[in-house]
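Architecture and fold: a report
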Amino acid sequence: MSVDDIERVAVLGAGNMGHGITEVVAIAGYDVVMRDIEQEIVDEGYEDIQWSLEKLSEKGLVDEDADDVMARIDTEVDLETAVEDVDLVIEAAPEQMELKKEIYGELTDFTPEDAILASNTSSLSITEIATATDKPDKVVGMHFFNPPVKMDLVEVIYGEETSDETAETVYDFVESIDKTPIYVRKDVNGFVVNSVLGPFGDEAGWMVSADEATIREADATMVHERGYPMGPFELGDLTGIDIGYHVRKEAGKPVPPIVEEKVEADELGQKTGKGYYDYEDGDGADYG
Ligand code: 3HC
């Protein structure tokens, strides 16, 4: 299969990553079906895409009317119906290996033989995910960054059994949706970006947990001295504090107490209205 054979795409997951990826794929002109396990989650994701497309249209950042882009998006709850006639699946399910394996087992039965199965996992092993299928050569990592409509890079990760044909097709597909792909040829935990970004967030977490810096001080330092678009805590609020927490847990890494506290309090960042910063009653991530 080459990128020219890809016409219809399924995105599994309608959360932040799933609906953002769906939007990007639809903007590029592909037919796409967004699937999640409950209608309410799918509907919320669909509304988020509508909101985002309207914003992008107002700013002249998409060429078409938002309605024309939305017309290419179907929604679905039933997995088999979602994937039975697609050429590419982009899976953006929660970061739990057993859950992913269950999904890939079902995808083996439900997808056309040639369909490529790409995982948006942040850090789980592509090689291990692929053991749940009988076509590991067609399983590949396709790691987007949050928010997908704004972030340019996509990592294309080889599992041990991924074929060159699969990786090259996905690489070309990433270019076709106007993003910049890079190959990650070793299936290492965290791939490239999160291997570098993880210690950055962790170090800030340990410092704040030990009262060596405040959240605002740590964020301000990275923005004003390093020129990053946001500091590690604001970034945690954007991506979801639970995401980083589960990534660390799955990798058997220690979790800074400040992260544990936020997860226990269900203060997970922007999506819950409160995380390291307060987005409802406070000033949000205002660190000057
Ligand atoms: N769609 C459309 N518009 C959006 C939007 C979306 N999804 N999200 C925000 N906007 C809008 C806002 O409403 C605001 O609109 P306004 O101008 O009308 O008020 C505007 O975009 C925001 O613009 P800003 O000037 O505040 O922000 P920028 O657009 O310049 O940058 C950013 C935003 C791209 C998020 C930038 O802050 C950034 O790059 N942050 C770092 C993000 C990052 O590092 N992500 C990677 C995280 S790691 C990861 O994802 C890995 C995974 O495995 C966990």
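Residues numbered from 1 in each chain as written. Predicted model: local features only at pLDDT ≥ 70, side-chain atom pairs only at ≥ 80, totals over all residues.

Regarding the overall build of the chain
Rules: Only DSSP runs of H or I covering at least 4 residues are called helices, and only runs of E covering at least 2 are called strands; the numbering of each starts at the N terminus. The atom set for the radius of gyration is the C-alpha atoms, and the globule formula is 2.2 Å times the number of residues raised to the power 0.38. Residues with at least 20 neighbouring C-beta atoms inside 10 Å of their own are called buried, those with 12 or fewer are called exposed, and the rest are partly exposed, where every C-beta is derived from the backbone. Contact criterion: two residues are in contact if their C-beta atoms, reconstructed from the backbone, are within 7 Å.
Scanning the chain from N- to C-terminus turns up 12 helices and eight strands. For the chain, whose C-alpha radius of gyration is 19 Å, the value lies close to the compact-globule estimate of 19 Å for 288 residues. For the C-alpha atoms alone, the extent of the chain along its principal axes is close to 55 × 45 × 35 Å. Relative to its full complement of 288 residues, the chain shows a buried share of 44%. Considering only contacts in the chain between residues 6 or more positions apart, those separated by 24 or more positions represent 63%.

As for the pairing of strand E5 (residues 116-119)
Applied cut-off: Strand pairing requires that DSSP identify at least two bridges connecting the strands.
Residues Ile116 and Ala118 line one face of E5 and the alternating positions Leu117 and Ser119 line the opposite face, and both faces are buried. Summarising the sheet, strand E4 (residues 88-91) and E5 pair through four bridges and their orientation is parallel. When the bridges of E5 are listed, Val89 appears paired with Leu117. Taken together, the three bridges between E5 and strand E6 (residues 139-143) define a ladder with parallel strand orientation.

Some details on the site of the ligand
Defined as follows: The criterion for a residue being near a molecule or strand is a backbone-placed C-beta atom within 6 Å of that molecule or strand. Each domain's extent is set by a domain assignment, obtained either automatically or from a database.
In the vicinity of the ligand, 17 residues are found, and the nearest of them are Ser52, Ser122, Asn146, Lys150 and Pro229. Going through the elements one at a time, helix H2 (39-58), helix H8 (193-209) and helix H10 (232-239) are the ones with two or more residues in the shell around the ligand. By residue number, the principal contributor to the shell around the ligand is H2, which donates three residues. In this structure, the shell around the ligand is formed jointly by two domains, domain 1 (3-184) and domain 2 (195-272), each of which donates at least three residues.

Describing the nonpolar core
We count it as follows: Put simply, a nonpolar core is buried Ala, Val, Leu, Ile, Met, Phe, Trp, Tyr and Cys residues tied into one set by C-beta atoms within 7 Å.
In terms of nonpolar packing, the biggest core is built from 58 residues, with Val9, Val11, Leu88, Val89 and Val140 touching the most fellow members. Among the elements that make up this core, the one with the highest residue count is helix H1 (residues 16-27) (six residues). Contact partners of Val9, with chain neighbours within four places excluded, come to Val25, Tyr30, Val32, Val86, Leu88 and Ile90. Ranked by size, the runner-up nonpolar core spans 10 residues in total, among them Val208, Ala218, Tyr276 and Tyr277.

A closer look at the sheet that holds E5
The test is simple: The convention used is that axes are lines fitted to C-alpha atoms, helices contributing only their stretch in contact, and that angles between N-to-C directions extend from 0 to 180 degrees.
What the eight strands build is an open sheet, ordered E3-E2-E1-E4-E5-E6-E7-E8; its pairing is mixed. Every interior strand has two partners, whereas the edge strands, strand E3 (73-76) and strand E8 (180-184), have only one. The mean angle between the axes of side-by-side strands here comes to 25 degrees, regardless of whether they run parallel or antiparallel. Pairing of strand E7 (residues 153-158) with E8 involves five bridges; the strand directions are parallel. Counted as the bridge partner of Leu153 is Thr180 from E8.

What to know about the packing of H10 against helix H11 (residues 241-250)
Just so we agree on the cut-off: An angle below 35 degrees is treated as roughly parallel, one above 145 as roughly antiparallel, one from 65 to 115 as roughly perpendicular, and anything else as oblique. For this classification, Asp, Glu, Lys and Arg are treated as charged, while Ala, Val, Leu, Ile, Met, Phe, Trp, Tyr, Cys and Pro are nonpolar and the rest, including Gly, are polar.
The N-to-C vectors of H10 and H11 enclose an angle of 95 degrees; their axes lie 5 Å apart at closest approach. As summarised for this structure, H10 and H11 are arranged roughly perpendicular, according to the angle between their axes. Contacts between H10 and H11 pair Gly236, Asp237 and Thr239 from the former with Ile241, Ile243 and Gly244 from the latter. Grouping the amino acids of the contact of H10 with H11 by side-chain chemistry returns two nonpolar, three polar and one charged.

Topic: the domain arrangement of the chain
By the assigned domains, the chain splits into domain 1 (3-184) and domain 2 (195-272). Each of domain 1 and domain 2 has a C-alpha centre, and these two points are 26 Å apart. The interface of domain 1 with domain 2 comprises seven residues on the first partner and eight residues on the second. A class-by-class count of the residues in the side of domain 1 that touches domain 2 yields two nonpolar, four polar and one charged.

Here's the deal with the environment of Thr166
For Thr166, the location among the structural elements is in helix H7 (residues 164-176). Judged by C-beta crowding, with 23 C-beta atoms within 10 Å, Thr166 ranks as buried. In this structure the C-alpha to C-alpha distance between Thr166 and Val139, which are 27 residues apart in sequence, comes to 7.6 Å.

Comments concerning helix H5 (residues 97-110)
Test applied: By this rule, a helix spans an expected 1.5 Å times one less than how many residues it contains. Throughout, the arc means that of the directions going from the helix axis to the C-beta atoms.
The end-to-end C-alpha distance of H5 is 20 Å, a good match for the 20 Å that 14 residues give at a rise of 1.5 Å each. Within the span of H5, buried status applies to Lys100, Ile103, Tyr104 and Leu107. The buried side chains of H5 occupy one side of the element, clustering within an arc of 100 degrees when seen end-on. Turned more than 90 degrees off the buried face of H5, the exposed positions are Glu98 and Asp109. Where H5 is buried, its residues touch strand E1 (8-12), helix H4 (79-83), E4, E5 and helix H6 (126-130).

Brief notes about the pairing of E7
The line we're drawing: If you view a crossover with the strands going away from you and the path from the first strand over the helix to the second runs clockwise, you call it right-handed.
Of all six residues in E7, five are buried; the element is thus mostly enclosed. Between E7 and its parallel partner E8, the chain crosses via H7, and the hand of that crossover is right-handed.

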